[in-house]
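Residues per chain, in single letters:
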Amino acid sequence: MSRRAASDEEREDGASFAPAPVPRSGDAADSPALAERYGRTRARLAGRRLLAWIAGGAVAVVLVVWVVWAGLDGTNATIATQDTAHEVLDARSVRVEFDVTVPTGTTAGCVVQALNDRFAVVGWKVIELPASENPTRSFTEVVRTSEMASTGLISSCWLT
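Description of the structure in this document. This is a predicted model, so every value here is computed, not measured.

1. A few points about the side chain of T151
Note that T151 resides in strand β8 (residues 151-159). Apart from residues no more than four positions distant in its own chain, T151 is found in contact with H86, V94, Q113, A114 and L115.

Shown next as structure tokens:
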């Protein structure tokens, strides 16, 4: 092996070469012409910073508006239902017991369904729930069916 400097490297064909020198501060790499060519001027950097601040501010405004709209707006009334029991009375009717929770003083409507063994709807009934001072109330409804039902349940409810 021949004598070489420690920083030289060897190519596959046996020739050696030295790595390129690193430019020092004040060299041509720091010249204003190169900075202008590659968009590294002070004005462009300041413009990018301003754009980043504007984008960050816009994201913050959208986030605050969403929190106010979704989290603090308590005007949306909700309704909750719970099936409690069902009893198949005969081949043509089923009794369904359920609880409904609505805001006090609000009326609601519900659909009660009867299903067969294949989960097909064989009976349904729309009922109106009057306003009350109690938010949670229990109801019992008898639904007539077109064939033997295997279950009865509350399908959906809405505020009226």
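Let's pick the thread back up.
2. Things to note about the packing of aromatic side chains
How two aromatic rings sit relative to each other is given by the distance of their centres and the angle of their planes. Counted by the stated rule, this structure contains one aromatic pair. Residues F98 and F139 carry aromatic rings whose centres are separated by 5.8 Å and whose planes lie at 25° to one another, so their mutual orientation is stacked. One end of the pair, F98, is in strand β4 (residues 93-101); the other, F139, is in strand β7 (residues 136-144), with 41 residues separating them in the sequence. Take F98: its relative accessible area is 1%, and that puts it in the buried class. Look at F139 and you get buried, because its relative accessible area is 16%.

3. Things to note about the sheet that holds β7
The strand order β3-β4-β7 describes an open sheet built from three strands, whose pairing is antiparallel. Each edge of the open sheet is held by one strand with a lone partner, namely β3 (80-90) and β7. The sheet shows a mean angle of 20° between the axes of neighbouring strands, direction not considered. Strand direction decides the pairing type here: β4 and β7, joined by nine bridges, are antiparallel. Directly across from T101, in β7, lies its bridge partner T136.

Scoring rules and cut-offs
Residues numbered from 1 in each chain as written. Predicted model: local features only at pLDDT ≥ 70, side-chain atom pairs only at ≥ 80, totals over all residues. Heavy atoms only, no water. Helix = DSSP H or I, 4+ residues; strand = E, 2+ residues; numbered from the N terminus. Contact = heavy atoms within 4.5 Å. Phe/Tyr/Trp six-rings, centres within 6.5 Å; stacked < 30°, edge-to-face > 60°. Buried < 20%, exposed > 50% of the residue type's maximum accessible area, 1.4 Å probe, protein only. Pairing = 2+ DSSP bridges. Axes fitted to C-alpha atoms, helices over the stretch in contact; angles between N-to-C directions.

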